[in-house]
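Spelled out from the first residue to the last, the chains are:
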Amino acid sequence: MKQALLALAATAAIAISAPAAAAVIVSLHPASQTVDVGNTIAVDVKISGLGTGQGREILSSFDLSVLYNSTLATWQSTGFFGAEFGSPGDYFSAIPGLNDVGVIGGSLLNDDDLALVQTEDSFTFLTFTWKAETDGALFLKFGADPDFERNVVGLNALSLDAQFLGACVAIGTGNCDIVPVPEPASYGLAGLALLGCGLATTRRRRAGAPAAV
């Protein structure tokens, strides 16, 4: 019984660490670009996979945080495309931090009226600009759940099961082919999976060993 529980825990840890498959995607565009030191970095936030016709989804509100390395770039501005939310019946706020920019926004329209405005399967609803400060690979990504740093809401005030994709900016001699170091949370999940597998293996060995006389 214990062996089965350990195996289940290891499987769950691996499943949690893997990105969930979802039709709706929130992504940063372009996914990769190169700029010179001193120039402006421009990145759009796009949502896709809402569907078309009857039964399609909408983006009624969002609470996002875009993380970046402030030693490589300085945040300049965040723009909001209010027309996609029934402007002037919309709201938006940007809250810059040391290494992140939090954004909250949405529509004051009801779902039916908003669906008449958002008729496309995908659209851009935010744009960010930074100033490139020094050579390096600037990785841009969304904050992690469940801290409400990465939440998009659709019909009936329900969170959309969305996949979130980041971007990389090669500044000067920087190289976007370099894979970023995993976050501590990723290490923890991987460690839990390995621990579960190791304990299960130890349990099997003990079960198969002869009893001491």
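About the cut-offs
Residues numbered from 1 in each chain as written. Predicted model: local features only at pLDDT ≥ 70, side-chain atom pairs only at ≥ 80, totals over all residues. Heavy atoms only, no water. Helix = DSSP H or I, 4+ residues; strand = E, 2+ residues; numbered from the N terminus. Buried < 20%, exposed > 50% of the residue type's maximum accessible area, 1.4 Å probe, protein only. Contact = heavy atoms within 4.5 Å. Areas by Shrake-Rupley, 256 points an atom, 1.4 Å probe, with all protein chains shown as cover. Pairing = 2+ DSSP bridges. Axes fitted to C-alpha atoms, helices over the stretch in contact; angles between N-to-C directions. Disulfide = S-S within 2.5 Å. Phe/Tyr/Trp six-rings, centres within 6.5 Å; stacked < 30°, edge-to-face > 60°. Core = buried A, V, L, I, M, F, W, Y, C linked by side-chain atoms within 4.5 Å.

Peer 1: Just to check I follow, could you spell out the overall build of the protein chain for this structure?
Peer 2: Within the protein chain, the secondary structure is distributed over three helices and 12 strands. By the burial criterion, 34% of the 213 residues in the protein chain qualify as buried. Restricting the contact set of the protein chain to residue pairs at least 6 apart, pairs at least 24 apart contribute 78%. As displayed, the protein chain offers around 11900 Å² of accessible surface, 59% of which is attributable to carbon and sulfur atoms.

Peer 1: Would you take a moment to explain the sheet that holds strand β3 (residues 40-48) for this structure?
Peer 2: Think of a sheet as strands paired side by side through backbone hydrogen bonds, with each pair either parallel or antiparallel. Here we have five strands laid out as an open sheet, ordered β5-β8-β3-β1-β11, and mixed in their pairing. A single partner strand is all that each edge strand has here, and the edge strands are β5 (73-80) and β11 (162-165). The mean inter-strand angle of the sheet, taken between neighbouring strand axes irrespective of direction, is 15 degrees.

Peer 1: Quick question: what am I supposed to make of the state of the cysteines here?
Peer 2: Any covalent bond linking the sulfur atoms of two cysteines counts as a disulfide. Following the criterion strictly, the structure yields one disulfide and no others. Across a sulfur-sulfur distance of 2.1 Å, Cys168 and Cys176 are joined as a disulfide pair. Because the sign of the S-S torsion sets the handedness, a value of about -95 degrees for the bond joining Cys168 and Cys176 places this disulfide among the left-handed ones. Judged by its relative accessible area of 6%, Cys168 is buried.

Peer 1: Help me understand the packing of aromatic side chains, please; the structure alone is not making it clear to me.
Peer 2: For any two aromatic rings, the description comes down to two numbers: the centre-to-centre distance and the angle of the planes. Scanning all chains against the criterion turns up 11 aromatic pairs. Where Phe85 meets Phe125, the ring centres are 6.5 Å apart and the plane angle is 70 degrees; that geometry is what we call edge-to-face. Taken together, the positions of Phe85 in the loop between β5 and β6 (90-96) and Phe125 in strand β8 (residues 123-132) put the pair 40 residues apart, joining distant regions of the chain. By relative accessible area, Phe125 is classed as buried at 0%. Where Phe142 meets Phe164, the ring centres are 5.6 Å apart and the plane angle is 65 degrees; that geometry is what we call edge-to-face. Linking Phe142 in strand β9 (residues 136-142) with Phe164 in strand β11, this pair joins segments that are 22 residues apart in sequence. Relative accessible area serves as the criterion here: at 7%, Phe142 is assigned to the buried category. In this structure Phe164 comes out as buried when scored by relative accessible area, which is 17%.

Peer 1: Hey, could you run me through unusual backbone geometry in this one?
Peer 2: For residues besides glycine, phi is generally negative; the peptide bonds are generally trans as well. Following His29, the chain continues to Pro30 via a peptide bond in cis, the omega torsion being -5 degrees. Within the secondary structure, Pro30 is located in the loop between β1 (24-29) and β2 (32-35). In this structure, Pro88 follows Ser87 across a cis peptide bond, with omega equal to 15 degrees. Note on placement: Pro88 falls in the loop between β5 and β6. Its identity is not glycine, yet Asn156 carries a phi of approximately 60 degrees, on the positive side.

Peer 1: Even after reading the chapter, I still don't get the environment of Phe125, so can you show me in this structure?
Peer 2: Taking the C-alpha atoms as reference points, Phe125 and Val45, 80 residues apart in sequence, are found 6.1 Å from one another. Once residues within four sequence positions are removed from consideration, Phe125 is found in contact with Val26, Val45, Lys46, Ile47, Leu59, Phe62, Leu64, Gly79, Phe80, Phe81 and Phe85.

Peer 1: For this particular structure, what's the right way to read the nonpolar core?
Peer 2: One recurring pattern in soluble globular proteins: nonpolar side chains tend to sit buried together. Formed by 36 residues in total, the largest nonpolar core has its most connected members in Ile41, Phe62 and Phe125. In terms of residue count, β8 provides more of this core than any other element does, six residues in total. Excluding residues within four positions of it along the chain, Ile41 makes contact with Gln33, Val35, Ala73, Phe128, Thr129, Trp130, Ala132, Leu138, Val169 and Ile171.

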